Amino acid sequence: MTLAVLFAEAHGDVQAKNPILPETKELIWGGIAFLIVFSLLAWKAWPAIRQALADREARIRADLERAEQAKAEAEGVLADYQRQLAEARNEAGRIIEEARQAADQVRRDLIARAEAEAAEMRRRAAEDIRLASERAMADLQSRVAELSIELAEKIVERSLDRETQMALIENYINQVGSASS
Amino acid sequence: MHALVLAATEAGELRDGLAAIGAGLVYGLAAIGPGIGIGMVVSNAIQAMARQPEMAGPVRVTMFLGIAFTEALALFGFVLFFLAQG
Amino acid sequence: MILGAFEFPPIDELFRWKDVLLDDTPVAINKTAILMLVSATIVVVLFVGGSRRRRLIPGRLQNLLEVTYEFIDRGIARDVIGPEGARYTPFLGSLFLFILFTNWWSVMPFIQFPPTSRFGVPLYLALQTWVIYWFVGFRHHGIRYLTGHIFPAGVPKPLYLLVTPIELVQLLIVRPFSLAVRLLANMMAGHILLAALALLTAYALQNAPVIALGPFLLNIGVMAFEILVGFLQAYIFTLLTAVYIGDSLHPAH
């Protein structure tokens, strides 16, 4: 069988038929050829191609989802850090404030104590002064009495002229003044 | 006159000639209507696509359907041409 | 006129081929049958072979297969039939590829004959579509598929006299017949045109070589056009099959 025979147009016996009328053999072979294509493609090709497309779609979707997730995670971590940072800052502020308050307290305490001490000292000093002056007054009284007695003795001992009297008083005042100073 | 014409032709020659004329007319006549129809289908489809480019896809599909249905009439004429010949 | 003596051969000679095997039996093999079997082999090798080794990043062939699949699945099956159309993607895809690859023989050098221009082939495909849409219609809607079509709702009763026969003829005859004839006539006309231009070129080369360039260039142009027609007819056949199946699934529209 040569190519020439294969592609030779039919003449003679089949000439009578109209070229537009269907021929059984061509209908049958058309059906066979189509069914070959359909069965093999439906069996092997279409599911594989659909699978490939579905796989790629799933893969891309998974990638996107993963990226989305990673982004969300990163955002979460960042928010966490920021929150922690803010907390730390608050904490630091709080500590400083507390320190300041504590220092204030201490200062106030110290001042109050110092004041109290000063007041106490003042009070004690005043007491001391009062006691000393009381003692001095007591001393003075006793001394005045003694001096009066002495004076009286002296007056009694000798007669007193005016000059002597004045000298005595002068003397007495000087004694008192030196005693009280 | 008719007798003269008929006498001048061989047997069946006139019949064959008329058949050939008829076959020639069949497709030409059958193509007129569908020609106008396809023109209308396509022109309206183009207008639709120009007005709403986002609908170009569905319009194109529908246009092909319209062309296919309209064209079928002309193609029946084409087939009839062969049948009229035989 | 220079071309006055040009004789166009009988159209029969452009379409009928000698049997080469099993002569004169109902399964005789001629050029038409051989070309269809070769088409089937090419499609199978391309698609089964191409989809064997799947990779995540597709090569050229895999890309082509995936684009074809998307074109059928999204562009035809789901768009026309609806979400449940995905079930029919394998059938529609095989139909499209088979018609496409048999159509394109019309422009293949040294072959130049589309098997789809023999009525048997489109007739088989159309009858197949016919069987499928009737089957789908009856499986999903029972007898209401038929009654719903020939007695459409909302039509005044007396009009049934007119509508019912039309719808019945439409469902039974017009649909498959127009499907088959559309494909047949387009491929046949293209083939006749190409043959005429080729014969004209050959004739002019022998008698007046100067003007042979005209029909030759025209022939090239028509061949390019035939590639488009081959694609378009495969697309329309598949699209209409999808439309008919969709109509059987949802007869409302």
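For the structure, see preceding data.
Residues numbered from 1 in each chain as written. Chains lettered and ligands numbered in written order. Predicted model: local features only at pLDDT ≥ 70, side-chain atom pairs only at ≥ 80, totals over all residues. Heavy atoms only, no water.

**What to know about the overall build of chain B**
To keep it simple, the criterion reads: Helix and strand assignments come from DSSP, with helices taken as H or I runs of at least 4 residues and strands as E runs of at least 2, each series counted from the N terminus. Each residue gets one of three labels from its accessible area relative to the maximum for its type: buried under 20%, exposed over 50%, partly exposed in between, using a 1.4 Å probe on protein chains only. Only heavy atoms matter for contacts: two residues are in contact if any of them lie within 4.5 Å across the pair. Every accessible area reported is derived by Shrake-Rupley at a probe size of 1.4 Å, with residue values counting cover from the shown protein chains alone.
When its secondary structure is counted, chain B shows 3 helices and 0 strands. Here chain B holds 86 residues, and the buried ones make up 28% of them. Partitioning the contacts of chain B with sequence separation of at least 6, the portion at a separation of at least 24 is 72%. Within the structure as shown, chain B displays about 5500 Å² of accessible surface, and the carbon and sulfur contribution to it stands at 71%.

**Quick notes on a nonpolar patch on the surface**
Going by this rule: Every patch collects residues that have over 30% relative accessible area and no salt bridge, joining them within 9 Å if they carry like charges and within 5 Å if they are nonpolar side chains (Val, Leu, Ile, Met, Phe, Trp, Tyr). By salt bridge we mean one thing: a side-chain nitrogen of Lys or Arg within 4 Å of a carboxyl oxygen of Asp or Glu.
Nonpolar side chains collect at one region of the surface, where B:L14, B:L18, B:I21, B:L25, B:L29, B:I32, B:I36 and B:M40 lie side by side and expose about 820 Å² of accessible area between them. Looking at the element boundaries, B:I21 is found in helix α2 (residues 13-51).

**Some remarks on the interface of chain A and chain C**
The figure often quoted for interface size is the accessible area lost as the parts come together. Heads up, the condition is: By convention, the term buried area covers the 1.4 Å-probe accessible surface removed from two parts as they join, with the contributions of both added. When residues are grouped by polarity, Ala, Val, Leu, Ile, Met, Phe, Trp, Tyr, Cys and Pro land in nonpolar, Asp, Glu, Lys and Arg in charged, and all others, Gly among them, in polar.
Taken residue by residue, the interface counts 46 residues in chain A and 55 residues in chain C. Summed over both sides, the interface between chain A and chain C buries roughly 4800 Å², with carbon and sulfur atoms accounting for 70% of that surface. For chain A, the biggest contributors to the area lost against chain C are A:W29, A:F34 and A:W46; these three give 16% of the whole. Summed over the shared surface of chain A and chain C, the number is 4 salt bridges. Put simply, the parts of the chain that give the side of chain A that touches chain C at least two residues each are α1 (3-6) and α2 (24-157) of chain A. Tallying contributions element by element places α2(A) first for the side of chain A that touches chain C, with 29 residues. A per-class count over the side of chain A that touches chain C returns 29 nonpolar, 7 polar and 10 charged.

**Regarding unusual backbone geometry**
Residue and element names in this part refer to chain C. The residue F110 is not glycine, and still its phi comes out positive at about 70 degrees. On the secondary structure map, F110 appears in the loop between α4 (89-103) and α5 (120-141). Of note, Q112 is a non-glycine position whose phi angle comes to about 45 degrees, a positive value. In this structure, Q112 sits in the loop between α4 and α5. Overall, Q112 belongs to the partly exposed group, its relative accessible area being 32%.

**Side note on the packing of helix α3 (residues 60-81) of chain C against α4(C)**
All names here are of chain C. For clarity, the cut-off: Fitted lines through C-alpha atoms give the axes, limited to the stretch in contact for helices. The angle between two N-to-C directions lies from 0 to 180 degrees. By the definition adopted for this analysis, an angle is roughly parallel if under 35 degrees, roughly antiparallel if over 145, roughly perpendicular if from 65 to 115, and oblique otherwise. Two helices cross in a left-handed way if the nearer one is turned anticlockwise from the farther one by less than a right angle. They cross in a right-handed way if the turn is clockwise.
Across the interface, α3 lies against α4 with an axial gap of 9 Å and an inter-helix angle of 120 degrees. Taken together, α3 and α4 sit at an angle that is classed as oblique. Relative to α4, α3 is oriented so that their crossing is right-handed. Every residue of α4 that contacts α3 at T68, Y69, F71, I72, D73, I76, A77 and I81 is listed here: T89, L92, G93, F96 and L97.

**What about the side chain of C:S39?**
All names here are of chain C. For clarity, the cut-off: Side-chain atoms alone can form a polar contact between residues adjacent in sequence; in general such a contact is a pair of N or O atoms within 3.5 Å, and within protein one must be able to donate a hydrogen while the other accepts it.
In this fold, S39 is placed in helix α2 (residues 31-50). For S39, the side chain forms a polar contact with the side chain of W105, separated by 2.5 Å. When neighbours within four sequence positions are excluded, S39 is seen to be in contact with F101, T102 and W105.

**Overview of the interface of chain B and chain C**
If you look at the interface, chain B gives 13 residues, while chain C gives 19 residues. Counting the surface lost from both chain B and chain C, the interface buries some 1400 Å², and carbon and sulfur atoms represent 84% of this. Remark: the boundary between chain B and chain C carries 0 salt bridges. Run the count over chain B and chain C and you get 1 residue pair in polar contact (both at pLDDT 80 or more). Counted by class, the side of chain B that touches chain C contains 12 nonpolar, no polar and 1 charged residues.

**Side note on the environment of C:T129**
All names here are of chain C. Here T129 shows up in helix α5. Along the backbone, T129 and R175 are 46 residues apart, and their C-alpha atoms lie at a distance of 9.4 Å. Apart from residues no more than four positions distant in its own chain, T129 is found in contact with L179, F237, T241 and Y244.

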